[in-house]
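For reference, the chains in residue letters:
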Amino acid sequence: MRFRHPDGSIVHLSYCTNVHPAETLDGVRAQLRDHCEPVRRRLGRDRLGIGLWLAREAARVLINDPAELRALRAELDSRGLEVVTLNGFPYEGFGADEVKYRVYRPDWTEPERLAHTTDLARLLAALLPDDVTEGTISTLPLAWRTPYDTEPAAARTARAALTTLAQRLDALAELTGKSIRIGLEPEPGCTVETTADAIAPVTDVGHERIGICVDTCHLATSFEDPDTALDALTAAGIPVVKSQLSAALHAEHPHLPEVRTALAAFAEPRFLHQTRTSTAAGLRGTDDLDEAVAGGALPDSTPWRAHFHVPLHAPPAPPLTSTLPVLRATLARLVGGPVPLTRHLEVETYTWQALPAELRPRTRTQLADGIAAELTLARDLLVDLGLKELP
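As the structure is a prediction and not an experimental result, all values here were calculated from the model. (Residues numbered from 1 in each chain as written. Predicted model: local features only at pLDDT ≥ 70, side-chain atom pairs only at ≥ 80, totals over all residues. Heavy atoms only, no water.)

K.L.:
Honestly, helix H7 (residues 195-205) in this entry has me stumped. Any pointers?
P.N.:
Because an α-helix packs 3.6 residues into every turn, residues spaced three or four apart end up facing the same way. Those residues of H7 not exposed but buried are Thr195, Ala198, Pro201, Val202 and Val205. Down the axis, H7 shows its buried residues gathered within 120° of arc, on one side only. Buried positions along H7 lie against helix H6 (154-176), strand E6 (179-184), strand E7 (210-215), helix H8 (216-221) and helix H9 (226-235). (Buried < 20%, exposed > 50% of the residue type's maximum accessible area, 1.4 Å probe, protein only. Helix = DSSP H or I, 4+ residues; strand = E, 2+ residues; numbered from the N terminus. Arc of directions from axis to C-beta. Contact = heavy atoms within 4.5 Å.)

K.L.:
Looking at this structure, I do not really get helix H2 (residues 56-64). What am I missing?
P.N.:
Along H2, the residues that are buried comprise Ala58, Ala59, Leu62 and Ile63. Taken down its axis, H2 places every buried residue within 135° of arc, on the same side. For H2, the elements touching its buried residues are helix H1 (25-42), helix H3 (66-78) and helix H4 (111-127).

K.L.:
Is there a simple way to explain the pattern of salt bridges in this structure?
P.N.:
Opposite charge on two side chains permits them to pair, given that their charged atoms come into close proximity. In total, this model carries 31 salt bridges according to the counting rule given. A salt bridge links Arg79 to Glu37, with the shortest nitrogen-to-oxygen separation between them at 2.6 Å. Here Arg79, found in the loop between H3 and strand E4 (81-87), pairs with Glu37, found in helix H1; they are 42 residues apart in sequence, far enough to count as distant. With respect to burial, Arg79 and Glu37 carry one shared label: buried. Put simply, Arg333 and Asp231 hold a salt bridge, and the shortest N to O gap is 3.0 Å. Of the two residues, Arg333 is situated in helix H12 (residues 324-335) and Asp231 in helix H9; the sequence distance between them amounts to 102 residues. Relative accessible area serves as the criterion here: at 25%, Arg333 is assigned to the partly exposed category. Three or more residues joined by partner-sharing salt bridges are found here, namely Asp26, Arg29, Glu37, Arg40, Arg41, Glu68, Glu75 and Arg79. (Salt bridge = Lys/Arg side-chain N within 4 Å of Asp/Glu carboxyl O.)

K.L.:
Looking at this model, I keep getting lost on the pairing of strand E2 (residues 10-16). Mind explaining?
P.N.:
Within a regular strand, side chains alternate between the sheet's two faces. Of all seven residues in E2, six are buried, a share of seventy percent or more. Sheet analysis places strand E1 (residues 2-4) next to E2, joined by three bridges and oriented antiparallel. Note that in E2 the partner of Arg2 across the bridge is His12. In textbook terms, the turn of a hairpin is the stretch between consecutive antiparallel strands, and for E1 and E2 this stretch comprises five residues, one of which, Gly8, has a positive phi near 100°. With four bridges joining them, E2 and strand E14 (residues 344-347) adopt parallel strand pairing. Within E14, the position partnered with Leu13 by the bridge is Leu345. Sheet analysis places E2 next to strand E3 (residues 48-52), joined by three bridges and oriented parallel. Each bridged residue has a counterpart across the sheet, and for Tyr15 the counterpart in E3 is Ile50. (Pairing = 2+ DSSP bridges.)

K.L.:
I keep staring at unusual backbone geometry and nothing clicks. Help me out?
P.N.:
It is generally the case that most residues other than glycine have a negative phi and that most peptide bonds are trans. The peptide bond linking Thr146 to Pro147 adopts the cis configuration, its omega dihedral lying at 0°. Along the chain, Pro147 turns up in helix H5 (residues 145-148). Not every positive phi belongs to a glycine, and Leu142 is a case in point at roughly 75°. Structurally, Leu142 is set in the loop between strand E5 (134-139) and H5. Here Phe223, not a glycine, exhibits a phi torsion of approximately 55°, which is positive.

K.L.:
Can you walk me through the environment of Glu258 in this structure?
P.N.:
Note on placement: Glu258 falls in helix H10 (residues 257-264). In this structure Glu258 comes out as partly exposed when scored by relative accessible area, which is 45%. Along the chain, Glu258 and Pro319 lie 61 residues apart, while their C-alpha atoms are 7.6 Å from each other.

Laid out in structure tokens, this is it:
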């Protein structure tokens, strides 16, 4: 979906296909047929943006076979789909029964991460619509905090990899005329947990093609104030290359038994749901929601937030809610001013099938309806901010 900002520039809105796990190219094609095109039709649009997730195996096939890449580009066109951004965070196995800590490997100290991200940049340059010259890729925020934070050489290795990537992106732009930028995506529990944590490593790389992806669920889970966060990034000259529009789980009164019971329903075995609370002594947290609800690990006199991407248009029932207000405030800062701070927005609710059983979509039709409803909400927010929806 495309929108014209009051300054005349185009802002893109897409939804991320990591909600439809697929490791192979055949699986990606099935996503386009079974999910992406139906969502487009529900929205009544001729064209829909998708934030494509390409697992390692699918990416390698496309890199090694130009005919397959041309065929994918043609299929996107024929189904009324366009790609301006990729989700490069998960490497493989995102559809496994248990993902948890595995999603953070390989990290930016391992050569596989650089090789895969380079592949994604090359692929995105080829998949961009003819009238679009800029693409973006979100990626792991360096590494999970352990053992990275205790290894003296880790930061140097990651910085060298990102510097090499930036040089490759420069060469790609010269060759293709397409500018691909990479955004580290701060996430609770990682060595770059917050936007503030991102400033030093991105500044160290010091390249315009390396910036930040602001995920509004992660921002909220870490209790970051959107204005403070974005002001600091702007002051440091760090670009927000893309933003993922998502909402976290919020519990205002975690000391109450009924709140603990409600939270426990969201603890599940597939994804990691880092949980945080902001206290007078600073941010406290657990790596997963079940650790928090078991009791004793977190203070419960202040609100809790959990890294669980809940559907934008359907906050959980009381006594829980979502951090949609943080999304609204962040979006207003990102695109509500005289000049947009980013032009790539991506709805990223990948946890539909991890919701409590009674909230999960039971059919493809229900899932498509839900994704379309999320995109409709995001569209309405953009229109309210003065952007004009384009055909």
